[in-house]
Amino acid sequence: MTIEICAPDSEEALCLMAEMWREIDLLYGNLEPSAPEMGGMSAAGSAFLIARAGGDAAGCVGLRPLSAEIAEVKRMYVRPAARGTGLAHLLMERLEGVARDNGFRELWLETGLRQPAAIRLYERLGYKRIASYGDYARDALSVCYGRQLSVRS
């Protein structure tokens, strides 16, 4: 498996995000399809990663700045065929490294209460529940997590 930084508006990235949103829309009963595009990705410190297995895109995750020291994990997704392989863990580890390299000291993220596998992943990686922030503060099905990033020696 390889992980590379790519453009969040590339055809491959948009395809992965569209797949992710189809799953989420079905899971949460959203009547209108969610758009795969992601704003805020031109800000300094942002990044979008695609994981490949055998050369094919298998997952993705984005990093979007919230402040000079805090970035948000966005669009974490692993295709069904690659789930259970440790790919999500690898994506998050690489994203944390990119976040550190870009000067961030903390990561925040939002996931949904109907996504227990995502919740387990984040908790295994050391993320702790935080107060819901931004638009998520009004969403009863959202749960937010945060993690201080360790300093590399």
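Comments concerning the sheet that holds strand 7 (residues 142–148)
Right, so step 1: Strand order in the open sheet made by the seven strands is 1-2-3-4-5-7-6, with mixed pairing throughout. A strand with exactly one partner marks an edge of an open sheet, and here the two such strands are strand 1 (2–5) and strand 6 (128–130). Strand-to-strand twist in this sheet, taken as the mean axis angle between neighbours without regard to direction, amounts to 30°.
Right, so step 2: Of the strand pairs in this sheet, strand 3 (residues 56–65) and strand 4 (residues 70–78) are connected by six bridges, and their pairing is antiparallel. Pairing of Cys60 across the sheet is with Tyr77, part of strand 4.
Right, so step 3: On top of the sheet, helix 2 (residues 87–101) reaches strand 1, strand 2 (47–53), strand 3, strand 4, strand 5 (106–112) and strand 7; it is set at about 35° to strand 3, its chief contact.
Right, so step 4: Across the sheet, helix 3 (residues 116–124) touches strand 4, strand 5 and strand 7, and the angle it forms with strand 5 is around 160°.

A short note on unusual backbone geometry
Right, so step 1: For Arg75, which is not a glycine, the phi torsion comes out positive at approximately 55°.
Right, so step 2: Here Arg75 lies in strand 4.
Right, so step 3: Of the residues examined, Arg75 reaches a relative accessible area of 13% and is grouped as buried.

Brief notes about the environment of Ile3
Right, so step 1: Of note, Ile3 is situated in strand 1.
Right, so step 2: Considering only alpha carbons, one finds Ile3 and Ala53, 50 residues apart in sequence, at a separation of 9.1 Å.
Right, so step 3: Setting aside residues no more than four positions away along its own chain, Ile3 makes contact with Leu49, Ile50, Ala51, Leu90, Leu91 and Arg94.

Some points on the pattern of salt bridges
Right, so step 1: Counted according to the given criterion, the structure contains nine salt bridges.
Right, so step 2: Across the pair Arg83 and Glu23 runs a salt bridge whose closest N-O atoms are separated by 2.7 Å. A residue pair is termed long-range when its members are at least 10 positions apart, and Arg83 in the loop between strand 4 and helix 2 and Glu23 in helix 1 (residues 11–28) qualify at 60 residues.
Right, so step 3: With a closest N to O distance of 3.3 Å, Asp135 and Arg138 form a salt bridge.
Right, so step 4: A relative accessible area of 68% means that Arg138 is categorised as exposed.
Right, so step 5: It is possible to trace a salt-bridge network through shared partners that takes in Glu4, Glu12 and Arg52.

The rules behind the values
- Residues numbered from 1 in each chain as written.
- Predicted model: local features only at pLDDT ≥ 70, side-chain atom pairs only at ≥ 80, totals over all residues.
- Heavy atoms only, no water.
- Pairing = 2+ DSSP bridges.
- Helix = DSSP H or I, 4+ residues; strand = E, 2+ residues; numbered from the N terminus.
- Axes fitted to C-alpha atoms, helices over the stretch in contact; angles between N-to-C directions.
- Contact = heavy atoms within 4.5 Å.
- Buried < 20%, exposed > 50% of the residue type's maximum accessible area, 1.4 Å probe, protein only.
- Salt bridge = Lys/Arg side-chain N within 4 Å of Asp/Glu carboxyl O.

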